[in-house]
Amino acid sequence: MSKSFRPIGPPSFNDQVESIHILLWENERYRTLLKALYNELAIEGSLAADDFAAATMIREKALEMCDLEMRDVGTAKLADISKALGVVLRRYWASRKQRRRSGGADQ
Amino acid sequence: MSRNSNVSLREAPPLPEKIEDWERHIKAERTLNDLVEDIHRILVNEDPKYRSYLRATYDAHAIEGSLAADNVLAAMIIREKAKEIGSNEVAEEKLAIINLALGVVLRRYNASRKQRRNTVGGQQVPSEGNGD
């Protein structure tokens, strides 16, 4: 019988970012910031700028929640949040690169 | 005897009294770079956080962990200020574009990250051609 691996202990930084990502998915602006596959289609003119704008929203949400479990995200640097968001998106097969390689049907 | 001694001088047009009456005849519009420069000059004076976002010359020193992130946050502050003072062209611009304009502005003052990174004893040295 196979068991899926589930780490014991507090959620990792990536897990914390994932929790906030799921909460923010309701937010239309957040979704549009993650949508573009190419710089030309980015809301803020480049994918990097869109990534950092999305990371800013994640950090603001973490601070707004006043949740001890999200404390790390609320005080994290944007570059770190942006990298963690990349990990989270890859978990869902939804990173920009993955979607670009899959044909970018939604663009 | 001067040739035109009998010719009375034409009177110069009166100087406009109000600023609304001053019509600019050079029609060159100010560029986005100029508009961003105006806001940059305001922010450098009044916002220490803005200055700190421009200070780092390496990722390791960046407030937000990377120079790219610090650039975007500086651009966000510029856009917010533009909204506040009614500079619509900048207020409606994309962050990446404001960031590019800010790069131009900083180079005007020899204050870009790259220029400062390559400065030794007040003198700029050539980079090694490794993208630095």
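Below you will find a few notes about this structure. (Residues numbered from 1 in each chain as written. Chains lettered and ligands numbered in written order. Predicted model: local features only at pLDDT ≥ 70, side-chain atom pairs only at ≥ 80, totals over all residues.)

## Structural notes on the interface of chain A and chain B
Test applied: Contact between residues is assigned whenever the C-beta positions, reconstructed from backbone atoms, fall within 7 Å. Counting from the N terminus, the helices are the DSSP runs of H or I reaching at least four residues and the strands are the DSSP runs of E reaching at least two. In this classification, the charged set is Asp, Glu, Lys and Arg, the nonpolar set is Ala, Val, Leu, Ile, Met, Phe, Trp, Tyr, Cys and Pro, and all remaining amino acids, among them Gly, are polar.
Between chain A and chain B, the residue contacts involve 11 residues of the former and 11 residues of the latter. Elements supplying a minimum of two residues to the side of chain A that touches chain B: α3 (47-65) and α5 (78-91) of chain A. Top contributing element to the side of chain A that touches chain B by residue count: α3(A), with four residues. A breakdown of the residues in the side of chain A that touches chain B according to their chemical character gives six nonpolar, two polar and three charged.

## A word on unusual backbone geometry
Note the cut-off: Here exposure depends only on C-beta density: within 10 Å of a residue's C-beta, 20 or more other C-beta atoms make it buried, 12 or fewer make it exposed, and intermediate numbers make it partly exposed, the C-beta atoms being placed from the backbone.
Residue A:Trp93 is not a glycine yet carries a positive backbone phi of 55 degrees. By C-beta crowding, A:Trp93 is classed as exposed, having 9 other C-beta atoms within 10 Å. Within the chain, B:Asn110 stands out as a residue other than glycine whose phi angle is a positive 55 degrees. Among the structural elements, B:Asn110 can be located in the loop between α5 (95-108) and α6 (113-117). What makes B:Asn110 exposed here is the crowd of 10 C-beta atoms within 10 Å.

## Points about the environment of A:Ala53
Structurally, A:Ala53 can be placed in helix α3. C-beta crowding within 10 Å serves as the criterion here: with 24 such atoms nearby, A:Ala53 is assigned to the buried category. Expressed as a C-alpha distance, the spacing of A:Ala53 and A:Thr32, which sit 21 residues apart in the sequence, is 11 Å. Among all residues touching A:Ala53, those that are not within four sequence positions of it are A:Leu33, A:Glu44 and B:Leu95.

## Description of the nonpolar core
Operational definition: Each nonpolar core reported here comprises buried Ala, Val, Leu, Ile, Met, Phe, Trp, Tyr and Cys residues connected via C-beta atoms within 7 Å.
One finds A:Ile58, A:Ile81, A:Leu85, B:Val36, B:Val72 and B:Ile78 to be the most contacted residues of the largest nonpolar core, which totals 51 residues. Going through the elements one at a time, α1 (13-24), α2 (28-35), α3 and α5 of chain A together with α1 (32-46), α2 (48-55), α3 (67-85) and α5 of chain B are the ones with two or more residues in this core. In terms of residues, this core owes the most to one element, α3(B), which gives 10 residues. Apart from the residues within four sequence positions on either side, A:Ile81 is in contact with A:Val17, A:Ala55, A:Ile58, A:Arg59, A:Val73 and A:Ala76.

## So, the environment of B:Ser87
Residue placement: B:Ser87 occurs in the loop between α3 and α4 (88-91). Excluding residues that lie within four positions of it along the chain, B:Ser87 makes contacts with B:Leu35, B:Ile39 and B:Ala82.

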